[in-house]
Amino acid sequence: RQAGDPLGPERKGSAVMVLAQAAERRDIGVFEWLFDPGSWTGANGILASLADTLALCSIVVAVAGVTMVPLAAFLAHTRRGEVAVSWAVTLSRAVPTFAVAGLLVPISLRNGWGFEPWPIFIALLLLALPPIYLNTYTAVKEVDPSTIDAARAMGLRERDVLLQVEQIGRAH
């Protein structure tokens, strides 16, 4: 090891060095930092971070919706896998999001994927999946059975019952 280099030359370019380089000055007070115009603008400013956060959360909600709404609607329509899937989804609600992110960040750094967005994306996705699934499942399942029977009596196929009756019924 070189003098003054606690990580050694083999650790150059590692995640620790990247994080150390990204550190910002923290010897100012919260109010001083909050009301400093330089904190709000620029590539590392509050507004840029807010835009990144909103984009990440929007993508997470979109992915969760695209994956869970069709799955939950299909399972609620067919009434298959009700207990197993509901248990799995309910148990996944008990997983702390911060712990998932804490476990995934070192893995991401070790594999060279960076500090974000993947660990945070996965943690937020695990947070978003259960409520979207459970709400969709409950909404489709709770459509009035007489409405579904009437649609079948009129000759609608099961796919049409799901897409036209149960999906519309859950919107009301």
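On a predicted model such as this, the values are computed, not experimentally measured, just so you know.

**Q** Can you walk me through the overall build of the protein in this structure?
**A** Scanning the protein from N- to C-terminus turns up 9 helices and 0 strands. Secondary structure elements of the protein occur, N-terminal to C-terminal, as α-α-α-α-α-α-α-α-α. Looking at the 172 residues of the protein, the share that counts as buried comes to 24%. Sequence-distant contacts in the protein: of pairs separated by 6 or more residues, those separated by 24 or more amount to 64%.

**Q** It is not clear to me how the confidence of the model for the protein should be interpreted in this structure. Could you clarify?
**A** Interpretation of the predicted coordinates at a detailed level should be avoided for regions scoring low in pLDDT. Scored by pLDDT, the protein has a mean of 78; 82% of the residues are at 70 or more. Confidence scores differ between elements of the protein, with helix α1 (residues 15-21) showing the lowest mean pLDDT of 42 and helix α4 (residues 46-78) the highest of 90. Under a pLDDT of 50 for its full length, residues 1-21 has, in the predicted model, 13 contacts with residues more than four places off or in other chains.

**Q** Please explain the packing of aromatic side chains as it appears in this structure.
**A** To describe a pair of aromatic rings, you give the distance between the ring centres and the angle between the ring planes. All chains considered together, the criterion is met by 2 aromatic pairs. Ring plane angle 80° and centroid distance 5.8 Å describe the contact between Trp118 and Phe121, whose orientation is recorded as edge-to-face. Here Phe121 and Trp118 lie together in helix α7 (residues 118-141), a separation of 3 residues that amounts to about one turn. Relative to Tyr137, the ring of Tyr133 has its centre 5.7 Å away and its plane inclined at 25°; by these criteria the two rings are stacked. Placement of the pair is Tyr133 and Tyr137 together in helix α7, with a separation of 4 residues, close to one helical turn. Assigned by exposure class, Tyr133 and Tyr137 land together as buried.

What counts as what
Residues numbered from 1 in each chain as written. Predicted model: local features only at pLDDT ≥ 70, side-chain atom pairs only at ≥ 80, totals over all residues. Heavy atoms only, no water. Helix = DSSP H or I, 4+ residues; strand = E, 2+ residues; numbered from the N terminus. Buried < 20%, exposed > 50% of the residue type's maximum accessible area, 1.4 Å probe, protein only. Contact = heavy atoms within 4.5 Å. pLDDT = per-residue confidence, 0-100. Phe/Tyr/Trp six-rings, centres within 6.5 Å; stacked < 30°, edge-to-face > 60°.

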